[in-house]
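One-letter residues, chain by chain:
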Amino acid sequence: MTGPSLAGVLGRKAGTADGFARYSDALKQSGLVWDKRNLDAWLENPAALVPGNAMTFPGIADARTRADLVAYIEAVSTGRVKVPDRGLPNLKESDAASRVTSIRFCGDTYRLTTADRKAHVFWEFNLRFKTDGSAAGPAAGQPVLIGTGMQGDRAAVVFARPEEISAFIQRRCP
Ligand code: HEM
């Protein structure tokens, strides 16, 4: 999701995938159309083909590897090969152990409770607050705790919208 979908990329004008909002001006104004030759040059060294583009990718030096990759993209484009599912979890179906019911902040510490009544404590620097407004994101007002597997000292709380974040966090000491 950092980059655009490559579905149907062969034959498409660069910087025009439906619904992708993070294209650089450099790529949009490149005038490129993605044929196999351009794809090969892009994958060898994106920064050389389109200076100032936003794809943080060093490139693939080996010509054979690039040829395999371009062949795969072509096979997917023509429907010969099916792309595996993205496999991201649907956060609306989170279980009680992940549904966050309260977040308190005191000193340098966040204390969370989840719907299974368990408490989770994090040093402020180790807890990230994220949003996912997509169909797979959490329900409004029902943030979800992810990323620890309920062990480890780092985690993220995913909200449906940025406006929910501060409103949800209570500044209160135990
Ligand atoms: C072998 C792996 C990769 C392939 C085959 C690939 C392929 C492509 C292609 C063909 C485009 C142009 C799409 C278009 O014009 O609609 C693109 C753009 C982009 N890709 Fe990748 N990519 C790869 C890896 C990555 C990685 C690792 C990242 C970031 C973590 C990334 C992020 C992006 C971004 C942000 C853009 C938009 C660039 C811009 O607007 O300047 N890609 N990629």
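Keep in mind that this is a model prediction, so the values were computed, not measured. (Residues numbered from 1 in each chain as written. Predicted model: local features only at pLDDT ≥ 70, side-chain atom pairs only at ≥ 80, totals over all residues. Heavy atoms only, no water.)

Peer 1: Which residues make up the domain arrangement of the protein chain, and what values go with them?
Peer 2: Under the domain assignment, the protein chain is made up of domain 1 (1-84) and domain 2 (91-171). Spacing between the C-alpha centres of domain 1 and domain 2 amounts to 35 Å. (Domains from an automatic or database assignment.)

Peer 1: Any chance you could break down the coordination of the iron atom of the ligand for me, citing the residues and the numbers?
Peer 2: Coordination angles at a metal have ideal targets, namely 109.5 degrees for four tetrahedral donors and 90 or 180 degrees for six octahedral donors. In this structure, the iron atom of the ligand receives exactly one donor atom from the protein: Met55 (SD), at 2.1 Å. Secondary-structure assignment places methionine 55 in the loop between α3 (46-49) and α4 (63-77). (Donors = N, O, S within 2.8 Å, 3.2 Å for Na, K, Ca; no water. Helix = DSSP H or I, 4+ residues; strand = E, 2+ residues; numbered from the N terminus.)

Peer 1: Quick one: what's the story with empty space enclosed by the protein, residue by residue and with numbers?
Peer 2: Following the criterion strictly, the structure yields one cavity of 30 Å³ or more and no others. Counted as a void, the largest cavity has a volume near 30 Å³. Forming the boundary of the largest cavity are Leu91, Lys92, Arg99, Ala139, Gln142 and Val144. Along the lines of polarity and charge, the residues of the lining of the largest cavity split into three nonpolar, one polar and two charged. (1 Å grid on protein atoms, 1.4 Å probe; cavity = no way out; pocket = protein on both sides within 12 Å on 5 of 7 lines; lining within 4 Å. Points joined across faces, edges and corners; volume = space filled by probe spheres on them. Nonpolar A, V, L, I, M, F, W, Y, C, P; charged D, E, K, R; others polar.)

Peer 1: Can you tell me about a nonpolar patch on the surface, naming the residues and giving the values?
Peer 2: Nonpolar side chains collect at one region of the surface, where Tyr72, Val81 and Val83 lie side by side and expose about 250 Å² of accessible area between them. By the secondary structure assignment, valine 81 is in the loop between α4 and β1 (100-106). (Patch = residues over 30% accessible without salt bridge, like charges linked within 9 Å, V, L, I, M, F, W, Y side chains within 5 Å. Areas by Shrake-Rupley, 256 points an atom, 1.4 Å probe, with all protein chains shown as cover. Salt bridge = Lys/Arg side-chain N within 4 Å of Asp/Glu carboxyl O.)

Peer 1: Which residues make up the nonpolar core, and what values do they have?
Peer 2: By size, the foremost hydrophobic cluster in this structure holds 14 residues, and its most contacted members are Leu27, Trp34 and Trp42. Elements with a contribution of two residues or more to this core: α2 (36-44) and α4. Examining the composition of this core, we find that three residues originate from one element, α2, more than from any other. Phe122, Leu127, Ala155 and Phe168 belong to the second largest nonpolar core, which has 13 residues in total. (Core = buried A, V, L, I, M, F, W, Y, C linked by side-chain atoms within 4.5 Å. Buried < 20%, exposed > 50% of the residue type's maximum accessible area, 1.4 Å probe, protein only.)

Peer 1: Lay out the packing of aromatic side chains in plain terms, naming residues and giving numbers.
Peer 2: Throughout the structure, instances matching the rule amount to seven aromatic pairs. Between the aromatic rings of phenylalanine 129 and phenylalanine 159, the centroid separation amounts to 6.1 Å while the plane-to-plane angle is 50°, which identifies the pairing as tilted. You can see phenylalanine 129 sitting in strand β4 (residues 127-131) and its partner phenylalanine 159 sitting in strand β6 (residues 155-159), a full 30 residues away along the chain. Overall, phenylalanine 129 belongs to the partly exposed group, its relative accessible area being 25%. Overall, phenylalanine 159 belongs to the buried group, its relative accessible area being 0%. Residues phenylalanine 159 and phenylalanine 168 carry aromatic rings whose centres are separated by 5.8 Å and whose planes lie at 75° to one another, so their mutual orientation is edge-to-face. Taking the relative accessible area as the measure of exposure, phenylalanine 168 reaches 18% and is therefore buried. Chaining the aromatic ring pairs together yields one cluster made of Phe105, Tyr110, Phe129, Phe159 and Phe168. (Phe/Tyr/Trp six-rings, centres within 6.5 Å; stacked < 30°, edge-to-face > 60°.)

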